[in-house]
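Chain by chain, the residues run as shown.
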Amino acid sequence: MLTLASKLKRDEGVKTGRPPGGPSDSSHRVSIRDRLLIKEVAELEANLPSTCKASFPDENQLHHFQLAVSPDEGYYQSGTFHFEIDVPEAYNMVPPKVKCQTRIWHPNIAETGEICLSLLREHSIDGTGWAPTRTLKDLLNFDDPLNIDAAEHHLRDKEDFRNKVQDYIKHYAR
């Protein structure tokens, strides 16, 4: 699956006129992001729970991928939710951009798809934001509030909240 590593070697060989694996040409540079992603994507895939599946529209562009999440318990258990992840060129100094492509009623996700994870913030007062020491695997933590209406709804009436979640799943997440 990880074809970017072989592509990097192949591209290096084409550019330098040398076969892959030969001495490298110092004028050919591969971004830090792409070098990190080769390892991190493999680590992410190895640690994904069985309820998640990562897919890469272009296996040579590991910086853009989708994640499908199909919870097997809890309020969201019968739905499948799609997320788009874009890893910027300045990664690992800045966080990936993550957006939910499935309309959902969730305290941490706006109905327009924005996700509130302190981890995804470049700067946070409490120190829980993005740091160069974080990896894609850290995105598997989804405990952070955003949709105030959904959060208050959950606190006010859990059964009605569950009904609204199921209604959203029926209309948007199948």
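Just so it is clear, the model here is predicted, and its values are computed rather than measured. (Residues numbered from 1 in each chain as written. Predicted model: local features only at pLDDT ≥ 70, side-chain atom pairs only at ≥ 80, totals over all residues. Heavy atoms only, no water.)

Caption draft 1: Here's a closer look at the overall build of the protein chain. Regarding its fold elements, the protein chain presents four helices and four strands. Tracing the protein chain from N to C terminus, the helices and strands come up as α-α-β-β-β-β-α-α. Considering only residue pairs separated by 6 or more positions, the protein chain has 51% of its internal contacts joining residues 24 or more positions apart. Counting only carbon and sulfur atoms, one obtains 51% of the accessible surface of the protein chain, whose full area is about 10,100 Å². (Helix = DSSP H or I, 4+ residues; strand = E, 2+ residues; numbered from the N terminus. Contact = heavy atoms within 4.5 Å. Areas by Shrake-Rupley, 256 points an atom, 1.4 Å probe, with all protein chains shown as cover.)

Caption draft 2: Examining the side chain of D34 more closely. For D34, the location among the structural elements is in helix α2 (residues 32–47). Of the residues examined, D34 reaches a relative accessible area of 15% and is grouped as buried. Polar contacts involving the side chain of D34 include one to the side chain of R33, which spans 3.1 Å. (Buried < 20%, exposed > 50% of the residue type's maximum accessible area, 1.4 Å probe, protein only. Polar contact = N/O pair within 3.5 Å; in protein donor to acceptor, adjacent residues only side chain to side chain.)

Caption draft 3: How the structure looks around the pairing of strand β2 (residues 64–69). Pairing analysis gives four bridges linking strand β1 (residues 52–55) to β2, with the strands arranged antiparallel. Counterpart to S55 in the pairing with β2 is Q66. Note that β2 and strand β3 (residues 81–86) share six bridges and pair antiparallel. When the bridges of β3 are listed, L67 appears paired with F83. (Pairing = 2+ DSSP bridges.)

Caption draft 4: Region of the structure containing the pattern of salt bridges. With the rule as written, the count across this model stands at four salt bridges. Between E89 and R33 there is a salt bridge, with the nearest N and O atoms lying 3.2 Å from each other. Placement of the pair is E89 in the loop between β3 and β4 (97–100) and R33 in helix α2, with a sequence separation of 56 residues. For E114, the salt bridge goes to K99, with nearest N and O atoms at 3.9 Å. Here K99 lies in strand β4 and E114 lies in the loop between β4 and α3 (148–156), a separation of 15 residues in the sequence. Judged by relative accessible area, K99 falls into the partly exposed class, the value being 36%. (Salt bridge = Lys/Arg side-chain N within 4 Å of Asp/Glu carboxyl O.)

Caption draft 5: Fine view of the environment of A90. Along the chain, A90 turns up in the loop between β3 and β4. Given the relative accessible area of 40%, A90 is considered partly exposed. A sequence separation of 59 residues divides A90 from S31, and the C-alpha atoms of the two residues are 9.0 Å apart.

Caption draft 6: A look at unusual backbone geometry. Here Y91 and N92 are connected by a cis peptide whose omega angle stands at 25°. Note on placement: N92 falls in the loop between β3 and β4.

Caption draft 7: The arrangement of the confidence of the model for the protein chain in detail. Looking at the protein chain, the pLDDT average stands at 81 and 75% of residues meet or exceed 70. The least confident element of the protein chain, judged by mean pLDDT, is helix α1 (residues 3–16) at 53; the most confident is β3 at 96. (pLDDT = per-residue confidence, 0-100.)

Caption draft 8: Representation of the pairing of β4. Burial along β4 is one-sided: V98 and C100 are buried, while K97 and K99, pointing the other way, are not. Strand direction decides the pairing type here: β3 and β4, joined by four bridges, are antiparallel. Bridge pairing links E84 to K99 in β4.

Caption draft 9: Representation of the packing of α3 against helix α4 (residues 158–172) in the model. In contact at an axis separation of 6 Å, α3 and α4 are set at 135° when each is read in the N-to-C sense. It follows that α3 is oblique to α4 by the angle criterion. Together, A150, H153, H154, L155 and R156 of α3 and K158, D160, F161 and K164 of α4 make up the contact between the two elements. (Axes fitted to C-alpha atoms, helices over the stretch in contact; angles between N-to-C directions. Parallel < 35°, antiparallel > 145°, perpendicular 65-115°, else oblique.)

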